[in-house]
Amino acid sequence: MLRTTLLLGLLLATTTFASHAEDVTGSKDHPLLSRFTGAEIKSYKQSDYDEAELPNAPITTKDGKMMPLEGRVTRIGYRIDGSRSLLEISRNYEQALAAGKFQTVYSCKGPACGAEFSNVVVISGRVMPVAFPSSFNDKQRAVLAKRSGPDGDTWAFIYLMDDTDSNKANYVYEEIVEPKPMATGQVKVLDAKSMQNALNSDGKVALYGIYFDTDKADVKPESKPELTEMGKLLNDNPKLKVYIVGHTDNQGQFAHNLDLAQHRADAVAKTLAADYKVPAARMAAKSVASLAPVASNTDDAGRANNRRVELVVQ
């Protein structure tokens, strides 16, 4: 099943929202897109730098697939009184996007949008399948729009669901991904001596200076400082043999993460052998995916700590 990041499950899980007139604490409209008149914010999350997946086309089409993005990510779930039609809400969003110089990539309605939109939700930061009635497939609309600028592309995905029969309400999920360079220098590269001290005391050392693109296993050039120190450690200690272990957070399918972390560990070992002349026989690449977290996976900070490469003494 395709992954989406819909927060509608948080809205549809209870019928008590109608009695709450105020937005959830700490929430606000995105400055690029105001709310529909009378809408209430029922779920909200903003990350200065995160990854997102948006459908690049209706997922019922042969070209439809999830598109990985990175940047500032804002996710908002709105509840709108059921007296307004889904068409009226959708048309107002489309006009607002056009006024903001967004270009529509695609729009869809009903079954053309695909069942996956209403069958996958995010609850407490985890993607979980739910069994909404199939009738929801006929009561949905979606639009993906893009605005290009000197700093990159800004994406806006709007998903709307008509739940007037059960809860007398319409729900809107809004996800906006803005281009923003990641703040660097937050994790200091460990030098070879610090790595050796950690291996001597703990038998392992966690490294956060090895970088990969989302869902990719190619070691990025920004990883060179950390790799240089790893190479120095291994070359200065010719008897040292290590496992290079790939770790992930728990987002997505475990089998996929296990495979991805293995490929990343393999890539690190191959880079050390090719560029730093470390004998391949002294390194064994392994993957444990999300089986050994060092923090909770319920928030961005915890997941960032869990995504790492570790050196472990054999």
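This one's a predicted model, so the numbers in the text were calculated from it and none came from an experiment.

### Points about the sheet that holds strand S10 (residues 242-247)
Then, number 1: The strand order S9-S12-S10-S11 describes an open sheet built from 4 strands, whose pairing is mixed. The two strands at the open ends of the sheet, each matched to only one other strand, are strand S9 (204-207) and strand S11 (283-289). Each neighbouring strand pair of the sheet contributes to a mean axis angle of 25°, computed without reference to strand direction.
Then, number 2: Pairing of S10 with strand S12 (residues 308-313) involves 6 bridges; the strand directions are antiparallel. Each bridged residue has a counterpart across the sheet, and for Val242 the counterpart in S12 is Val313.
Then, number 3: On top of the sheet, helix H5 (residues 192-202) reaches S9 and S12; it is set at about 135° to S9, its chief contact.

### Brief notes about the confidence of the model for the chain
Then, number 1: Of all residues in the chain, 81% have pLDDT values of 70 or greater, and the mean over the chain is 82.
Then, number 2: In the model, residues 1-20 has pLDDT below 50 throughout and makes 64 contacts with residues more than four positions away in sequence or in other chains.

### Re the nonpolar core
Then, number 1: Counting 25 residues, the largest nonpolar core has Met230, Ile244, Val268, Leu272 and Leu311 as the members making the most contacts within it.
Then, number 2: Secondary-structure elements contributing two or more residues to this core are H5, S9, helix H6 (224-236), S10, helix H7 (254-276), S11 and S12.
Then, number 3: The dominant element in this core, judged by the number of residues it contributes, is H7, at 5 residues.
Then, number 4: The next biggest cluster of nonpolar side chains, apart from the first, holds 19 residues, and it includes Leu33, Ile89, Phe102 and Val172.

### Overview of the sheet that holds strand S3 (residues 103-109)
Then, number 1: With respect to topology, 6 strands assemble into an open sheet ordered S1-S2-S8-S7-S6-S3, the strand pairing being antiparallel. Strands at the two margins of the open sheet, each flanked by one partner only, are strand S1 (40-55) and S3. In this sheet, neighbouring strand axes are inclined to one another by 15° on average, regardless of whether the strands run parallel or antiparallel.
Then, number 2: Bridge analysis of strand S7 (residues 152-163) against strand S8 (residues 169-178) gives 9 bridges, and the strand direction is antiparallel. Residue Phe157 lies in a different strand from S8, and its bridge partner there is Glu175.
Then, number 3: In this fold helix H2 (residues 86-99) packs onto strand S2 (66-81), S3, strand S6 (140-149), S7 and S8, with an angle of close to 170° to the strand it touches most, S7.

### Focus: the side chain of Gln140
Then, number 1: Of note, Gln140 is situated in strand S6.
Then, number 2: A distance of 2.6 Å separates a polar atom in the side chain of Gln140 from a polar atom in the side chain of Tyr159.

### Details of unusual backbone geometry
Then, number 1: With phi around 60°, Lys277 is a residue other than glycine that occupies positive phi space.
Then, number 2: Assignment of secondary structure puts Lys277 in the loop between H7 and S11.
Then, number 3: Look at Ala289: it is not a glycine, yet its phi comes out positive at around 50°.
Then, number 4: Among the structural elements, Ala289 can be located in strand S11.

### Observations concerning the environment of Ser290
Then, number 1: Here Ser290 is to be found in the loop between S11 and helix H8 (300-306).
Then, number 2: Sequence spacing of Ser290 and His247 is 43 residues, and the spatial spacing of their C-alpha atoms is 6.0 Å.

Cut-offs applied
- Residues numbered from 1 in each chain as written.
- Predicted model: local features only at pLDDT ≥ 70, side-chain atom pairs only at ≥ 80, totals over all residues.
- Heavy atoms only, no water.
- Pairing = 2+ DSSP bridges.
- Helix = DSSP H or I, 4+ residues; strand = E, 2+ residues; numbered from the N terminus.
- Axes fitted to C-alpha atoms, helices over the stretch in contact; angles between N-to-C directions.
- Contact = heavy atoms within 4.5 Å.
- pLDDT = per-residue confidence, 0-100.
- Core = buried A, V, L, I, M, F, W, Y, C linked by side-chain atoms within 4.5 Å.
- Buried < 20%, exposed > 50% of the residue type's maximum accessible area, 1.4 Å probe, protein only.
- Polar contact = N/O pair within 3.5 Å; in protein donor to acceptor, adjacent residues only side chain to side chain.

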